[in-house]
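Observations on the three-dimensional arrangement
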Amino acid sequence: MRIPRWPAIIILLACLGGLIWLDQRVADYDHSAIVVEGKPAFPVAAGEGSLGSTWYCTGGTGDTAGIADQVVTIASADLVPAVGSATVFGTQLIEGVGPVFVTPEIRAIEVAPNSVMTFALGEVLNVEYVAALLEFDSASVVVTHTVTGPAGVGASPCASNASSNWYFAGGTTARDALQLLLVFNPFADDAVVDITFATDDGARAPQVFDGVPVPARSLVPIDVTEVVARWPQLSTSVEARTGRVVVDRLVRFDGSEGLAGLSVATGSPEAAEVWVFPVGLAEPGVTQSYSVFNPSFEETAEVDVEVRLDSPETNGAVEPFELSIAPRRRVIVEIGDGAFHPSSANATITGTARVPAGIGHTVTVRTFNQVPIVAEQLTTAVDANSVATEAETTEGPVAASTAPLRGGVTFATGAPVGSTRQLLVVHPGTSTSLTIANPSLSTIARVSVVVVADGAAQALGEFTDIEIGAQRRLVINNLDELVPIGETYFLMVESSAPVIAQGMARPEGPTGMNTFVATPVGGELVVPDFFAQ
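About the thresholds
Residues numbered from 1 in each chain as written. Predicted model: local features only at pLDDT ≥ 70, side-chain atom pairs only at ≥ 80, totals over all residues. Heavy atoms only, no water. Helix = DSSP H or I, 4+ residues; strand = E, 2+ residues; numbered from the N terminus. Buried < 20%, exposed > 50% of the residue type's maximum accessible area, 1.4 Å probe, protein only. Contact = heavy atoms within 4.5 Å. Areas by Shrake-Rupley, 256 points an atom, 1.4 Å probe, with all protein chains shown as cover. Pairing = 2+ DSSP bridges. Axes fitted to C-alpha atoms, helices over the stretch in contact; angles between N-to-C directions. Core = buried A, V, L, I, M, F, W, Y, C linked by side-chain atoms within 4.5 Å. Phe/Tyr/Trp six-rings, centres within 6.5 Å; stacked < 30°, edge-to-face > 60°. Lys NZ or Arg CZ within 6 Å of the ring centre and 35° of its normal. pLDDT = per-residue confidence, 0-100. Polar contact = N/O pair within 3.5 Å; in protein donor to acceptor, adjacent residues only side chain to side chain.

Re the overall build of the protein
Helix and strand content of the protein: three helices and 38 strands. Burial status across the protein gives 62% buried among its 533 residues. Sequence separation of 24 or more characterises 82% of the internal contacts of the protein that already satisfy a separation of 6 or more. Of the roughly 18,800 Å² that the protein leaves accessible, carbon and sulfur atoms contribute 50%.

Brief notes about the sheet that holds strand β14 (residues 218-223)
Hydrogen bonds between backbone atoms are what pair the strands of a sheet, whose relative direction is either parallel or antiparallel. The strand order β14-β10-β16-β17 describes an open sheet built from four strands, whose pairing is antiparallel. The two strands at the open ends of the sheet, each matched to only one other strand, are β14 and β17 (260-266). If you compare each strand with its neighbour and ignore which way they point, the axes differ by 15° on average. With eight bridges connecting them, strand β10 (residues 177-185) and strand β16 (residues 246-254) associate as antiparallel partners. Within β16, the residue paired with Phe184 across the bridge is Val246.

Considerations on unusual backbone geometry
For Ser311, which is not glycine, the phi torsion reads 45° and is therefore positive. We classify Ser311 as buried; its relative accessible area is 9%. Despite not being glycine, Asp465 has its phi angle at roughly 55°, a positive value. Within the secondary structure layout, Asp465 lies in the loop between β32 (456-459) and β33 (466-468). Given the relative accessible area of 42%, Asp465 is considered partly exposed.

Digging into the nonpolar core
Membership of the largest hydrophobic core comes to 40 residues, with the highest contact counts inside it found for Leu181, Phe184, Val193, Ile195, Ile222, Val245 and Val247. Of all the elements, β10 adds the most residues to this core, at six residues. Those residues in contact with Ile195 that sit more than four places away from it in its chain are Leu181, Pro206, Phe209, Val212, Ile222, Thr236, Ser237 and Val238. By size, the runner-up hydrophobic cluster in this structure holds 32 residues, among which are Ala86, Ile109, Cys158 and Met492.

Examining the packing of aromatic side chains
According to the stated counting rule, one finds five aromatic pairs in the structure shown. Plain terms: the ring middles of Phe89 and Phe184 are 5.0 Å apart, the flat faces sit at 65° to each other, and that makes the pair edge-to-face. In this pair, Phe89 sits in strand β3 (residues 82-94) while Phe184 sits in strand β10, placing the two residues 95 residues apart along the sequence. This pair shows no difference in class: Phe89 is buried, exactly as Phe184 is. The interplanar angle of 50° and the centroid separation of 6.3 Å between the aromatic rings of Tyr167 and Phe293 together place this pair among those described as tilted. Taken together, the positions of Tyr167 in strand β9 (residues 165-168) and Phe293 in strand β19 (residues 286-293) put the pair 126 residues apart, joining distant regions of the chain. Above the ring of Phe119, the side-chain terminus of Arg107 is found at 5.0 Å from the ring centroid. Just above the ring of Phe297 sits the side chain of Arg328; from NZ or CZ to the centre is 4.0 Å.

Things to note about the confidence of the model for the protein
Here the protein averages 86 in pLDDT, and 86% of its residues register 70 or above. Within the model, pLDDT remains below 50 along residues 1-34, and this stretch shows 106 contacts once partners closer than five positions in the same chain are excluded. Within the model, pLDDT remains below 50 along residues 384-405, and this stretch shows 50 contacts once partners closer than five positions in the same chain are excluded.

Notes on the pairing of strand β35 (residues 489-507)
The buried count for β35 comes to 17 of 19 residues, which makes it a mostly enclosed element. Looking at chain direction, strand β29 (residues 418-426) and β35 are connected through seven bridges and run antiparallel. Along β35, the bridge assignment pairs Gln422 with Val493. Bridge analysis of strand β30 (residues 430-438) against β35 gives eight bridges, and the strand direction is antiparallel. Of the residues in β35, the one forming a bridge with Ser431 is Arg506. Bridge analysis of strand β31 (residues 445-453) against β35 gives six bridges, and the strand direction is antiparallel. Bridge pairing links Val451 to Leu491 in β35. Direction of pairing for β35 relative to strand β36 (residues 514-517): antiparallel, over a ladder of four bridges. Within β36, the residue paired with Ala505 across the bridge is Asn514.

Topic: the environment of Ile325
Looking at the secondary structure, you find Ile325 in strand β21 (residues 321-325). For Ile325, a relative accessible area of 0% puts it in the buried group. Separated by 33 residues in the primary sequence, Ile325 and Val292 place their C-alpha atoms 8.2 Å from one another. When neighbours within four sequence positions are excluded, Ile325 is seen to be in contact with Val292, Asn294, Glu299, Thr300, Ala301, Val303, Arg330 and Val331.

Notes on the side chain of Arg249
Among the structural elements, Arg249 can be located in strand β16. Among the polar contacts listed, one links the side chain of Arg249 to the side chain of Glu376, at a separation of 2.6 Å. Sequence-distant contacts of Arg249, that is, excluding residues within four places in its chain, are made with Phe168, Gly170, Gly171, Gln179, Leu180, Leu181, Ser263, Val264, Ala265, Glu376 and Phe411.

See below:
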């Protein structure tokens, strides 16, 4: 398919940190000092020098009556075909018997250069719960998954590595919610995991989740809401005594208490000292909360939650939220009107009075005493208003496009590093926006966005060599209008200095909302100078 030339709508939302941090570090960007070695605490492509790549898609259902029908999307940024396979694992829960593990099935896969392909795991195994191990001969492949059910649509990147530990800073066992953990062991050796929680009343370790067996080459679904007391929000740790696993979390709100939606997310395989969330919304009916969990057994984490407002020369700066988080505890900072948002009164700091209404922002969560933490963003929406905003770019004011806001719920883990090359999958039938944050204190990033579909690549309108100032962000709304090709495609975000890109998609229908950080592909993984101590 030939990619058409689209009208360009640019919105460059200014984002600058508070002046109180300006004296912490003003230095030129230095690759040699801050390039990250190995894989960070979120999904990344295998990278240059790798002979292939492996992805794990864990959280979803495979039968036609499932609550979260799982479809995987494979995006290849390679210049030659990406050849591989998907091994699909299935589990059927039988009352009075428990989980019955179905023999895995293998499907051969070939993805054309600079293209995407999708398929439902239920096409391979039509069973209650399904997971997939995807292996390719290319290091430039990114795999994401979408889940669809009566409650809405959820989407996130799949996991790019297995681990002995998995952490979810967010989650819920509220009365109108279902929370499932799907523990996937695609390996030849058995695993045993312990599952614990951080609630308003402290750490909880239910006996039934002490030493949960996860047999070799199996998927084990666990209904948390059947065991754990009802909490608006809670954090979860899945820690293996033996073996390695991959863990996804499914959350469904059924609408009985006013909130409806479906969310899927992969946990964080390790804690980090910083997490960045570029999508800070300022729309009526939207509430966002940031759950910060300290997985340490011994050390207290001293944490700042920093909100950097757009157009700070006009809107000013927000004083950071200073948190002291005891071992195995979590604290939540909430921004918004709170309508139907699952708020934990005993562990929530309300930031609405401190953060001006109607102003977009970037949120950074970081620790100052080298005790790593895990942070997660929960976004809820309950009405259908649209908001016209105006942004300041380096070239002056630009009117922003608006997108209809529907009800929905989405959990998203932030990014612990920046990257110079990132990939974001975009599906048809969604109103999608892309936000690119430059977290550096001093370095300007020059960014280009490229649309890739059916083997062809073309610049996204005028979004080529766009300058994003230090501590500022670029927001591109209404990608469905800018890229009217009617099929799944991906965006490549390439930059001269490390940035962090986050997408937000609002699928067609009364409920549905997803936020997800873009996946680094081949570029450097860098702790930007803003993070360096």
